[in-house]
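The primary structure of each chain is shown beneath.
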Amino acid sequence: MGGAPSTPRKTGGGDDVPVAEYLISTFVGEKSFPLASDYWNKLLELPLSSRWPSDRVRQACELFGRSNGYTRHLAKLLIHLSWCLQELLQDSDDDQASSIYKRAVNATYISSVFLKHLIENGKSDGLVELHLSLDESEPVPHGFVMDQDIQNFVMHSVLNFIGSTEVSPNSYVLHQELLNFMIVAMSTQLLSGPSPGPRDANPFIDAAMSQEKSLVCLAVRRLLLNYISRTPPNAKTYLYSDGDSPGILERVGSAAATFVLLPLNYLVNNSGDGSKHPLAEFSLHVLLILTNHKPIMSDESLTDKSDDSATSESVSKGHAFSSGNIFSKALANARDVEFDRSDVEGNAYPGPHVRIPFASLFDTLGMCLADEGAVLLLYSLLQGNSDFKEYVLVRTDLDTMLMPILETLYNASKRTSSNQIYMMLIVLLILSQDSSFNSSIHKMILPSVPWYKEHLLHQTSLGSLMVIILIRTVQHNLSKLRDVYLQTTCLATLANMAPHAHHLSAYASQRLVSLFYMLSRKYNKLSELTGEKQQSIKISLAGEGDGVSEDLAAELQIFTDFLRLVLDILNAILTYALPRNPEIVYAVMHRQEVFQPYKNHPRFHELVENIYTVLDFFNSRMDSQRSDREWSVQKVLEFIIDSCRFWRGEGMKMFTQLHFSYEQESHPEEFFIPYVWQLAFSRCGFNFNPDAINLFPLPHQVEKQGEEGRGEEVEEGKEKKVQELIEQRIVLDP
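Residues numbered from 1 in each chain as written. Predicted model: local features only at pLDDT ≥ 70, side-chain atom pairs only at ≥ 80, totals over all residues. Heavy atoms only, no water.

> Even after reading the chapter, I still don't get the overall build of the protein chain, so can you show me in this structure?
From N to C terminus, the protein chain includes 28 helices and six strands. Sorting the 734 residues of the protein chain into buried and exposed places 52% on the buried side. Intrachain contacts of the protein chain at a sequence separation of at least 6 include 77% that bridge at least 24 residues. When the accessible area of the protein chain is evaluated, it comes to approximately 32,300 Å², of which 49% is carbon and sulfur surface. (Helix = DSSP H or I, 4+ residues; strand = E, 2+ residues; numbered from the N terminus. Buried < 20%, exposed > 50% of the residue type's maximum accessible area, 1.4 Å probe, protein only. Contact = heavy atoms within 4.5 Å. Areas by Shrake-Rupley, 256 points an atom, 1.4 Å probe, with all protein chains shown as cover.)

Below, the structure written as structure tokens:
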């Protein structure tokens, strides 16, 4: 059967370094040890309390890459990892559990190191270098199914352990290592383009997609609970100490402490941001990677996987998928532990589903929304989970969620990525589709907004603050980014909010009229340039400049639409909410001259007529007052408030209320898969061979292109690509 190698005898003093180095060198060598060999127990029971320099680890990985095709040691190690996890789920005494935990952690970490090397250095299309199978002549233990997919076997065991085991001081490190293993195993996505194709090899994530629904629900629930609980890394270290020798995990409080076996930090990019809650961070990013994956549909039929009593025999060969991503569906169908719609309506959701405390999830998201991963999770829940969306909309403390978003948008020019701005604006647009949300945010009064520096905001409603921030974002975009999609999202959200405005503040009202003026100046300038260009083309013999003229005409059309949309927003407030918004009347009266040029404009005159109907009503009533009366700001406002009682809307043309909704198109993975991996790199400190990454461009690649004189083109192309890949639409509902 092939016994274990003869290992060097320890010389005393707890010095296990010779033993560790010998067994690891044997693991990467050319001699193949059978699956049932005692060698594997000796390897996995090592304390591994010595550091290996990165160059030694790299050399070991290179040797392993050459020998694994013959030895199949990766496949055998993954099988032993699965067996360890299965043993831990069985009842056992504390001493036995301690030994199994050590073996499981070691197996997980060693697998991660060598699997990562094989993935990032793979040369073949199908990643055959992984050799995730046993040789046909391999003697196997009784009960092991020889023809099962090893990736299925290990992913079933990993997800089962994560979903079935509570995180405790004793199990914390193993949970952390398993999440890291999953990120490593799923990093095959980095080798392909953003749109998965039939030739792309993602064996582990595809194996995860083929698991039974009940197991997936358990895993999704645990990942969400890990994120909510935010357990700090305070794991006990006695499992990894031998006698008086120091435990290998005594540094568990440090940023890299979850990777302290073997080379300690070989998997971690030391330049990555550290986290006080690594388990929560890893759980979030594993969940985001899983829920945003797009399985390649198979023509093969899928066997029924609803049986909860799945064992190792149930994970047989074949990756056939039913419709869609089972993890995404589990997240979309998550229910609140405190309240389930089926409890009231009697329409129970068929089959197993995730039940989590929505209140705790809401509070955690509100606390973490400065982080891009939290924003992406919130987006996923609002977009896909109707129960969670309804829960958010009935909360009376919406400021918990909105204030971090608005503050981040306020500081967007300083440090926020364009993707994060997009996602936050989409979240606001989704929320603004609900009329109760638009009404409730104006009823919540904020005593102060200390982070807003341009103006003292005192006793301002949350709705007024949201209007101010959206307008500020539009104005910043006009001067800096010139992103049409961003403009449209902001204005669409304002249009949804407009009919429900209630006591809009003086500052918010002034900013809204100023926005119209700013857009009108840009529109007038483009109109003049377009007219001049058309005239010059007429007298040009060669017709040069046609392309420039078309670009100007297109930009003019965009600003025509923007200007009309702002007029629609003003009209909606004046038509449906004028008595409740005297400050908007004051702002329009104060700047009424900015509307004059558009009174007879063919695109705007109908909307401007309504504004002048309002102006005529209040101006005439003001003129009827005694001419010697002195009009201060306060007196004018009091006059407007008093006159609002007599406003009946006579002469106003009724336009259909604009209502914009967000739609996600059919290929969102082209944006989200690269995005979630970029977040994993930045937040989890995950390190990967940059030359092997095809999923997204790395900063050094963009810089190199810029040095070759194409920096501006690359940046423009990148911004354009972001808009194209985000694959979403803002739709005007009929």
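> Even after reading the chapter, I still don't get the confidence of the model for the protein chain, so can you show me in this structure?
Predicted coordinates in regions of low pLDDT should not be interpreted in detail. Of all residues in the protein chain, 77% attain a pLDDT of 70 or more, and the chain-wide mean is 81. Contacts for the low-pLDDT stretch residues 1-14, under 50 throughout, to residues beyond four places or in other chains number 28 contacts. (pLDDT = per-residue confidence, 0-100.)

> Before we go on, may I ask you to explain the packing of aromatic side chains in this structure?
Working definition: an aromatic ring pair is given by the centre-to-centre distance plus the angle between the planes. Evaluated as defined, the whole model comprises 29 aromatic pairs. Plain terms: the ring middles of F559 and F562 are 5.8 Å apart, the flat faces sit at 75° to each other, and that makes the pair edge-to-face. Here F559 and its partner F562 are both found in helix α23 (residues 546-576), three residues apart, which amounts to about one turn of the helix. According to the relative accessible area criterion, F562 is buried, its value standing at 6%. The residue whose ring lies beneath R591 is Y517, and the NZ or CZ to ring-centre distance is 5.0 Å. Just above the ring of Y612 sits the side chain of K599; from NZ or CZ to the centre is 4.2 Å. (Phe/Tyr/Trp six-rings, centres within 6.5 Å; stacked < 30°, edge-to-face > 60°. Lys NZ or Arg CZ within 6 Å of the ring centre and 35° of its normal.)

> Sorry, what's going on with the pattern of salt bridges here?
Pairing between side chains of opposite charge can happen when the charged atoms of each approach one another. Counted according to the given criterion, the structure contains 16 salt bridges. A salt bridge links D397 to R395, with the nearest nitrogen and oxygen atoms 2.8 Å apart. Relative accessible area serves as the criterion here: at 22%, D397 is assigned to the partly exposed category. The shortest N-O distance in the salt bridge between E593 and R591 comes to 3.6 Å. The partly exposed category is assigned to E593, whose relative accessible area is 47%. Connected through shared salt-bridge partners, E281, D371 and R683 make up one network. (Salt bridge = Lys/Arg side-chain N within 4 Å of Asp/Glu carboxyl O.)

> Which parts of the structure should I look at to understand the environment of L224?
By the element assignment, L224 lies in helix α9 (residues 213-229). Sequence spacing of L224 and V354 is 130 residues, and the spatial spacing of their C-alpha atoms is 9.6 Å. With near-sequence residues (within four places) excluded, L224 lies in contact with L287, L331, V354, I356 and L377.

> Help me understand helix α16 (residues 399-410) in this model?
Each α-helix winds once per 3.6 residues, and so residues spaced three or four apart point in a common direction. Taking 1.5 Å per residue, 12 residues should reach 16 Å; α16 reaches 15 Å between its end C-alpha atoms and fits that length. Taken across its 12 residues, α16 has nine buried, putting it largely inside the fold. Along α16, the positions that sit buried rather than exposed are M401, L402, M403, P404, I405, L406, T408, L409 and Y410. (Expected span 1.5 Å × (residues − 1).)

> Would you take a moment to explain the packing of helix α13 (residues 358-368) against α16 for this structure?
For the pair α13 and α16, interaxial distance at closest approach is 8 Å and the crossing angle is 20°. Judged on the interaxial angle alone, α16 and α13 are roughly parallel. Classified by chirality, the crossing of α16 by α13 is left-handed. Contact with α13, carried on its side by F362, L365 and G366, involves T400, M401 and P404 of α16 and no other residues of that element. Here the contact of α13 with α16 is built from residues that sort into four nonpolar, two polar and no charged. (Axes fitted to C-alpha atoms, helices over the stretch in contact; angles between N-to-C directions. Parallel < 35°, antiparallel > 145°, perpendicular 65-115°, else oblique. Left-handed = near helix turned anticlockwise from the far one by under 90°. Nonpolar A, V, L, I, M, F, W, Y, C, P; charged D, E, K, R; others polar.)

> When you look at the nonpolar core in this model, what are you seeing that I'm missing?
In a soluble, globular protein the nonpolar side chains are often hidden away together inside. In terms of nonpolar packing, the biggest core is built from 230 residues, with F27, L290, L365, L377, F595 and W677 touching the most fellow members. In this view, W677 contacts I183, M186, S187, Q189, L190, I289, F686, L695 and F696; residues no more than four positions away in its chain are not counted. (Core = buried A, V, L, I, M, F, W, Y, C linked by side-chain atoms within 4.5 Å.)

> Which parts of the structure should I look at to understand unusual backbone geometry?
Residues other than glycine predominantly adopt negative phi, and peptide bonds predominantly adopt the trans conformation. With a phi close to 50°, H131 is a non-glycine residue in the positive phi region. Of note, H131 is situated in the loop between α5 (94-120) and α6 (150-164). Residues other than glycine seldom take positive phi values, yet H503 does so here, at roughly 50°. When you line up the elements, H503 lands in the loop between α21 (484-497) and α22 (506-538).

> Help me understand the side chain of Q475, please; the structure alone is not making it clear to me.
When you line up the elements, Q475 lands in helix α20 (residues 462-481). Of the residues examined, Q475 reaches a relative accessible area of 13% and is grouped as buried. A polar contact is formed between the side chain of Q475 and the side chain of R511, at a distance of 3.1 Å. (Polar contact = N/O pair within 3.5 Å; in protein donor to acceptor, adjacent residues only side chain to side chain.)

> How should I be thinking about the environment of N496 in this particular structure?
Among the secondary structure elements, N496 is positioned in helix α21. On the basis of relative accessible area, N496 is assigned to the buried category, the value being 2%. Once the C-alpha coordinates of N496 and A572 are considered, the two residues, 76 residues apart in sequence, prove to be 9.4 Å apart. Residues contacting N496, with those up to four places away along its chain left out, are L429, S432, Q433, N438, L658, H659 and F660. At 2.7 Å, the side chain of N496 forms a polar contact with the backbone nitrogen of F660.

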